[in-house]
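Given next are the chains, with one letter for each unit.
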Amino acid sequence: SHSGGRTSFTLNRDFGGDSGRNASDRQSWTTWEFEQSAFLSLGNSSWFEQQTLALNLYLADTPTWNSGDHISGEYHRPPSFAGVSLGGFDSLRGYSSDEFVGRSAVLYSAEYRVQPKWQPLQSLPVFNLYNVPWWQWVVFAETGQVSDKFSFNELHQDMKWTLGAGVRFEVESVVVRTEFAYSGEESQFWVMVNQPF
């Protein structure tokens, strides 16, 4: 996208269950995620066919996090693979997948995306076998945090950050992206399909 925006709200609910032996085998839990993206066209130039500033806000919470039996310690929390997390190819890309897991998360992302007028790919070996109408150069910055409290102050303390750059291609109507991201603590190289937002 070069203009406009996108809003999404996702609600996940596991009603829990048991295997017949123990009624507390799997606790019920609820999570929600809100995401708002905005795309601002910066026009073209002598070098670039299109320049876009892409912005994204992600906010998530687990409202059932503190519900449950405080004596037994059985709370209505999702397993780490299904819960709220940051880190990976779509969020805080300078960290490993799901590096930060907790009750709540906030993430702010900004990307400067440019499509060069110079497009040599269609004449290169392998690329010439496919339809590659455009490629895109990207620089990005992200900052976010995961917390065990749904609190503005908690989510904005000691925020993690990532800086990175990448190249993206449309190959047969599929966006393929390669990115290098650095976080100050570690770095990651990602190859993935689709835009992160």
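Fair warning: this is a prediction, and the values are worked out from it, not measured in the lab. (Residues numbered from 1 in each chain as written. Predicted model: local features only at pLDDT ≥ 70, side-chain atom pairs only at ≥ 80, totals over all residues. Heavy atoms only, no water.)

A. Fine view of the overall build of the chain. Scanning the chain from N- to C-terminus turns up one helix and 12 strands. Taken from N to C terminus, the helices and strands of the chain fall in the order β-β-β-β-β-β-β-β-β-α-β-β-β. Overall size of the chain, expressed as C-alpha extent along the three principal axes, is 65 × 40 × 35 Å. Counting all 197 residues of the chain, 39% fall into the buried class. For the chain, contacts bridging at least 24 residues in sequence account for 57% of all contacts bridging at least 6. Counting only carbon and sulfur atoms, one obtains 56% of the accessible surface of the chain, whose full area is about 10700 Å². Computing the positive centroid from 13 side-chain charges and the negative centroid from 22, the chain places the two 3 Å apart. (Helix = DSSP H or I, 4+ residues; strand = E, 2+ residues; numbered from the N terminus. Buried < 20%, exposed > 50% of the residue type's maximum accessible area, 1.4 Å probe, protein only. Contact = heavy atoms within 4.5 Å. Areas by Shrake-Rupley, 256 points an atom, 1.4 Å probe, with all protein chains shown as cover. Lys, Arg positive; Asp, Glu negative; His and termini not counted. Charge placed at Lys NZ, Arg CZ, Asp CG, Glu CD.)

B. Highlighting a nonpolar patch on the surface. On the surface, Trp 161, Leu 163, Phe 180, Tyr 182, Phe 189 and Val 191 cluster together to form a nonpolar patch covering roughly 640 Å² of accessible area. Mapped onto the elements, Phe 180 comes out in strand β11 (residues 174-182). Residue classification places Phe 180 among the partly exposed positions, given a relative accessible area of 43%. (Patch = residues over 30% accessible without salt bridge, like charges linked within 9 Å, V, L, I, M, F, W, Y side chains within 5 Å. Salt bridge = Lys/Arg side-chain N within 4 Å of Asp/Glu carboxyl O.)

C. The arrangement of the side chain of Glu 142 in detail. Among the secondary structure elements, Glu 142 is positioned in strand β9 (residues 135-147). For Glu 142, a relative accessible area of 4% gives the class buried. Within the structure, the side chain of Glu 142 is placed 2.9 Å from the backbone nitrogen of Arg 93, a separation counted as a polar contact. Ignoring any residue separated from it by four or fewer positions in sequence, one finds Glu 142 in contact with Asp 90, Ser 91, Leu 92, Arg 93, Leu 107, Tyr 108, Ser 109, Lys 160, Trp 161 and Thr 162. (Polar contact = N/O pair within 3.5 Å; in protein donor to acceptor, adjacent residues only side chain to side chain.)

Functional significance is not addressed by these values, which are geometric in nature.
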